[in-house]
Amino acid sequence: MTTAHRFLHLALALILAAGAWILPGPQPAIARDGDKRPNLQMVRLSDLTIDHLNGRRLLRFTTVFSNVGRGPFELKGDRSGPNDPTMEMDQIMYRWDGSTRRIGTPAVSKYAGDGHDHWHVQDVVIYEVWRIGDLATTRRGAKTGFCFFDTTPVDLSLPGARRSGYYRQEWCGERNVLHNRVGVSVGWGDRYPWNFVFQWIDITGLPGGRYKVRATVDIQDFYDESVEDDNCTFAVINIPKPGAGNGVTVERTGFSCGHDAI
């Protein structure tokens, strides 16, 4: 090595050493690495059937959105006063050192909307159906608000899973509250049976044939989770033509939707 090369290497070493003292380093990334992120997924759709209500033809089904991550999926809501019609929702991120941090989100809660005396986080899960090969027929579900809590064990073998549910329905809050708290524990899910209010997609006027019905949690990508593109479940189904009965035939089901899941 020539003298010039030695001086060059020495200069580079001094610059790198100075940078190590001057620059703070990727602190936000290090902080995030300490998070116990949730991972939201949908359980396979079930109980698919056709119902009729006030002259409308409705596709009904049961859904469960679950948390299979390393930490709880929790939101806390606040509003400025009793006349404020919405709560702003923050995600509560649990961390490996036992602390938590609060993350602002675009999500909001609104009171009632489905006859239940509590607040509902808007658009947590989105329902869609369309005729195979014809996206112009796409219809979205009627249910837009969710008061979610631990209703259904999904996988209690996961690390950190509780033996019994923790989050409770009453934490969604009645009309007069200024704050609320909702969540799904690790290994648990929130179930919405096929016969719940607004648990349907209006298919009035659609012909019989093959359709894809899809349910996606956090399609807007509002929440910080460990995996962002596994939030979807779908079913390819056959719907009878109007007047030909209420039976729905399921051809196949699947999970995830890749980038379409956000």
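Just so we're clear, the structure is a prediction, and the values are computed from it rather than from any experiment. (Residues numbered from 1 in each chain as written. Predicted model: local features only at pLDDT ≥ 70, side-chain atom pairs only at ≥ 80, totals over all residues. Heavy atoms only, no water.)

> Please give an account of the overall build of the chain that cites residues and values.
When helices and strands are tallied, the chain shows two helices and 17 strands. When the 262 residues of the chain are sorted by exposure, 42% land in the buried category. The long-range fraction of contacts in the chain, counting pairs at least 24 apart against all pairs at least 6 apart in sequence, stands at 68%. Accessible surface for the chain amounts to roughly 13,400 Å². Of this, 55% is attributable to carbon and sulfur atoms. (Helix = DSSP H or I, 4+ residues; strand = E, 2+ residues; numbered from the N terminus. Buried < 20%, exposed > 50% of the residue type's maximum accessible area, 1.4 Å probe, protein only. Contact = heavy atoms within 4.5 Å. Areas by Shrake-Rupley, 256 points an atom, 1.4 Å probe, with all protein chains shown as cover.)

> Can you lay out the sheet that holds strand β4 (residues 73-78) for me, pointing to particular residues and giving the numbers?
Two orientations exist for strands paired in a sheet by backbone hydrogen bonds: parallel and antiparallel. Sheet architecture is open: six strands sit in the order β10-β7-β6-β5-β4-β12, paired in antiparallel fashion. Each end of this open sheet is capped by a strand with a single partner; those strands are β10 (145-146) and β12 (179-184). (Pairing = 2+ DSSP bridges.)

> Give me the lowdown on the side chain of R57, citing residues and values where you can.
Among the structural elements, R57 can be located in strand β3 (residues 56-67). Engagement of the side chain of R57 in a polar contact is seen with the backbone oxygen of P240, the distance being 2.4 Å. (Polar contact = N/O pair within 3.5 Å; in protein donor to acceptor, adjacent residues only side chain to side chain.)

> Summarise the nonpolar core; cite the residues concerned and give the values.
Ranked by size, the top nonpolar core spans 41 residues in total, and within it F65, V121, V124, V125, F148, V213 and I237 carry the most contacts. Of the residues forming this core, the biggest block, four residues, is contributed by strand β15 (residues 209-217). Apart from residues lying up to four places away in sequence, I237 is in contact with L48, L59, G209, R210, Y211, V213, V248, T249, V250 and E251. (Core = buried A, V, L, I, M, F, W, Y, C linked by side-chain atoms within 4.5 Å.)

> Tell me about unusual backbone geometry, and please be specific about residues and values.
Despite not being glycine, D47 shows a phi value in the positive range, around 60°. Under the relative-accessibility criterion, D47 is labelled partly exposed at 40%. The backbone of N54 sits at a positive phi, close to 50°, despite the residue not being glycine. Secondary-structure assignment places N54 in the loop between β2 (46-53) and β3.

> Which residues make up the packing of aromatic side chains, and what values go with them?
Applying the stated criterion across every chain yields a total of twelve aromatic pairs. Ring geometry for Y111 versus W119: centroids 6.0 Å apart, planes at 65°, classification edge-to-face. Relative to W171, the ring of Y167 has its centre 6.0 Å away and its plane inclined at 85°; by these criteria the two rings are edge-to-face. A relative accessible area of 24% means that W171 is categorised as partly exposed. Each residue in the set F65, F73, F148, F222 and Y223 is aromatic and connected to the rest through ring pairs, giving one cluster. Over the aromatic face of F146 sits the side chain of K143, whose NZ or CZ is 5.0 Å from the ring centroid. Lying over the aromatic face of Y166, R162 brings its terminal NZ or CZ to 4.2 Å of the ring centre. (Phe/Tyr/Trp six-rings, centres within 6.5 Å; stacked < 30°, edge-to-face > 60°. Lys NZ or Arg CZ within 6 Å of the ring centre and 35° of its normal.)

> How would you summarise the pairing of β3 if you had to cite specific residues and measurements?
Taking burial as the measure, the twelve residues of β3 include eleven buried ones, the bulk of the element. For strand β1 (residues 40-42) and β3, the ladder comprises three bridges, and the chain directions are antiparallel. Within β3, the residue paired with M42 across the bridge is F65. Inspection of the sheet shows β2 paired to β3 by six bridges, in the antiparallel sense. Looking across to β3, one finds that I50 is bridged to L59.

> So what about the sheet that holds strand β16 (residues 232-239)? Which residues, and what values?
In space, the five strands of this open sheet follow the order β9-β8-β15-β16-β17, with antiparallel pairing throughout. Where the open sheet ends on each side, the last strands, each with one partner, are β9 (134-140) and β17 (249-255). Pairs of neighbouring strands in the sheet enclose a mean axial angle of 20°, with direction left out of account. Alignment of β16 against β17, held across six bridges, turns out to be antiparallel. Paired with N238 across the two strands is T249, which belongs to β17. (Axes fitted to C-alpha atoms, helices over the stretch in contact; angles between N-to-C directions.)

> Give me the lowdown on the confidence of the model for the chain, citing residues and values where you can.
With 85% of its residues at a pLDDT of 70 or more, the chain has an overall mean of 87. Confidence drops under a pLDDT of 50 for residues 1-31, and excluding neighbours within four residues, the segment shows three contacts in the predicted structure. (pLDDT = per-residue confidence, 0-100.)

> Just give me the short version of the pattern of salt bridges, but keep the residues and values in it.
Side chains bearing opposite charge may pair, as long as their charged atoms lie close to each other. Inspection of every chain in the model, using the stated rule, returns eleven salt bridges. The closest approach of N and O atoms between D224 and R37, which form a salt bridge, is 3.2 Å. Here R37 lies in the loop between α2 (27-33) and β1 and D224 lies in the loop between β15 and β16, a separation of 187 residues in the sequence. Among the salt bridges present, the one from R60 reaches D51, with a minimum N-O distance of 3.0 Å. On the basis of relative accessibility, which here comes to 7%, the residue R60 falls in the buried class. (Salt bridge = Lys/Arg side-chain N within 4 Å of Asp/Glu carboxyl O.)

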